[in-house]
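Spelled out, the chains give:
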Amino acid sequence: MVKNVYAVGFVLFIVTMILFFAMYFLGMNVDYFNNSVLLNAFLLPAVYVAGAYLSVNSAKKMGEPMGFQAVFGRSFKPMFVGGFLSILTMFLFLNFVDKGAKDLLNFQYIERQKTELTNEYEKAKSTMVKDEEKAELEKNYQNRLKSFSPEMIKDKDMFSFRQFTYYFGAIMVFYVILSVFFASFFRSRLEE
């Protein structure tokens, strides 16, 4: 199975979906968005690095001659397949199966943004001495708070097709960088 890059990609998809649904069933609470961000920032990259490593290492053990392009393909293809299937499944699930989870994530995202804005405001306010600076800061803070009014956020959807496309693009950048790293590292080791 490890010989086939698409099978490795499918395994990455399955692992991603297990993590997604584990978070969905076990972690849907007041920190659902924050926990999802942490999962996506720390655990999933490790899973995809492991998948790329298994794909490249299996070819290395078989003694295949592997230049930069071959190693790049062996590491990028499984991550692409796993990532594409995962993003597509998450998009379909959040937009067509459980819109309540999508609404919760959107709400928690907006609340997080408001909290971060307030924290930055309080921090900046505590360091200012001049009244003019404080007045300008207060004006800017109040203007920024208006962007969180109900009429401004009613159509805000962080899980639309457009947003998922942006997420996937950002993920692709990570996959390309990681694949270049793998190709550079394993090519030099294999061709010696």
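Everything below is about the structure shown above.
Residues numbered from 1 in each chain as written. Predicted model: local features only at pLDDT ≥ 70, side-chain atom pairs only at ≥ 80, totals over all residues. Heavy atoms only, no water.

Asks: Please clarify how the side chain of N106 should be interpreted in this entry.
Replies: Structurally, N106 is set in helix α4 (residues 99-127). A distance of 2.8 Å separates a polar side-chain atom of N106 from the backbone nitrogen of M158. When residues no more than four places from it in sequence are discounted, the contact partners of N106 are K156, D157, M158 and F159. (Helix = DSSP H or I, 4+ residues; strand = E, 2+ residues; numbered from the N terminus. Polar contact = N/O pair within 3.5 Å; in protein donor to acceptor, adjacent residues only side chain to side chain. Contact = heavy atoms within 4.5 Å.)

Asks: Help me understand the environment of S179 in this model?
Replies: Summarising the element assignment, S179 is placed in helix α7 (residues 161-190). The class for S179 is buried, based on a relative accessible area of 0%. Setting aside residues no more than four positions away along its own chain, S179 makes contact with F72, S75, F76 and M79. A polar contact is formed between the side chain of S179 and the backbone nitrogen of F76, at a distance of 3.3 Å. (Buried < 20%, exposed > 50% of the residue type's maximum accessible area, 1.4 Å probe, protein only.)

Asks: Looking at this structure, I do not really get the environment of L39. What am I missing?
Replies: One can find L39 in helix α2 (residues 32-61). For the pair formed by L39 and L19, sequence separation is 20 residues and the distance between their alpha carbons is 8.3 Å.

Asks: Even after reading the chapter, I still don't get the pattern of salt bridges, so can you show me in this structure?
Replies: Close approach of charged atoms allows side chains of opposite charge to pair. This structure, assessed with the given rule, holds three salt bridges. Note that K102 is salt-bridged to D157, the shortest N-O span being 2.9 Å. Here the residue K102 occupies a position in helix α4, and D157 occupies one in the loop between α6 (150-153) and α7, the gap between them amounting to 55 residues. (Salt bridge = Lys/Arg side-chain N within 4 Å of Asp/Glu carboxyl O.)

Asks: When you look at the nonpolar core in this model, what are you seeing that I'm missing?
Replies: When a protein is soluble and globular, its nonpolar side chains tend to lie buried together. Ranked by size, the top nonpolar core spans 44 residues in total, and within it Y48, V71, M79, L94, F164 and F182 carry the most contacts. Counting residues per element, the ones that place at least two in this core are α1 (5-26), α2, α3 (68-97), α4, α5 (131-146) and α7. The biggest single contributor to this core is α2, with nine residues. (Core = buried A, V, L, I, M, F, W, Y, C linked by side-chain atoms within 4.5 Å.)

Asks: Could you clarify how one ought to interpret the packing of aromatic side chains in this entry?
Replies: Any pair of aromatic rings gets described here by the distance separating the centres and the angle formed by the planes. The final tally for this structure, using the stated rule, is 28 aromatic pairs. Ring centres of Y53 and F186 lie 5.8 Å apart, and the angle between their planes is 45°; on these two criteria the pair is classed as tilted. Of this pair, Y53 sits in helix α2 while F186 is found in helix α7, placing the two residues 133 residues apart along the sequence. Overall, the relative accessible area of 38% leaves Y53 in the partly exposed class. Taken together, the ring pairs in this structure connect F68, F72, F76, F80, F84 and F168 into an aromatic cluster. (Phe/Tyr/Trp six-rings, centres within 6.5 Å; stacked < 30°, edge-to-face > 60°.)

Asks: Is there a simple way to explain the packing of α2 against α3 in this structure?
Replies: Any two packed helices are characterised by how steeply their axes cross, that is the angle between the axes, and by the distance between the axes. Direction vectors running N to C along α2 and α3 enclose 140°, while the axes themselves pass 8 Å from each other. In terms of orientation, α2 and α3 fall into the oblique class. Remark: the crossing between α2 and α3 carries right-handed chirality. Here Y48, A52, S55, V56, S58 and A59 of α2 lie close against α3, whose contacting residues are V71, R74, S75, P78, M79, G82, G83 and S86. Its residues assigned to classes, the contact of α2 with α3 shows seven nonpolar, six polar and one charged. (Axes fitted to C-alpha atoms, helices over the stretch in contact; angles between N-to-C directions. Parallel < 35°, antiparallel > 145°, perpendicular 65-115°, else oblique. Left-handed = near helix turned anticlockwise from the far one by under 90°. Nonpolar A, V, L, I, M, F, W, Y, C, P; charged D, E, K, R; others polar.)

Asks: It is not clear to me how the packing of α1 against α2 should be interpreted in this structure. Could you clarify?
Replies: The geometry of α1 relative to α2 is characterised by a closest axis approach of 10 Å and an angle of 160° between their N-to-C directions. It follows from the interaxial angle that α1 and α2 lie roughly antiparallel. Relative to α2, α1 is oriented so that their crossing is right-handed. For the pair α1 and α2, contact is made by V5, V8, L12, V15, T16, L19, M23 and Y24 and by Y32, N35, S36, L39, L43, L44, V47, Y48, G51 and S55, respectively. Its residues assigned to classes, the contact of α1 with α2 shows 13 nonpolar, five polar and no charged.

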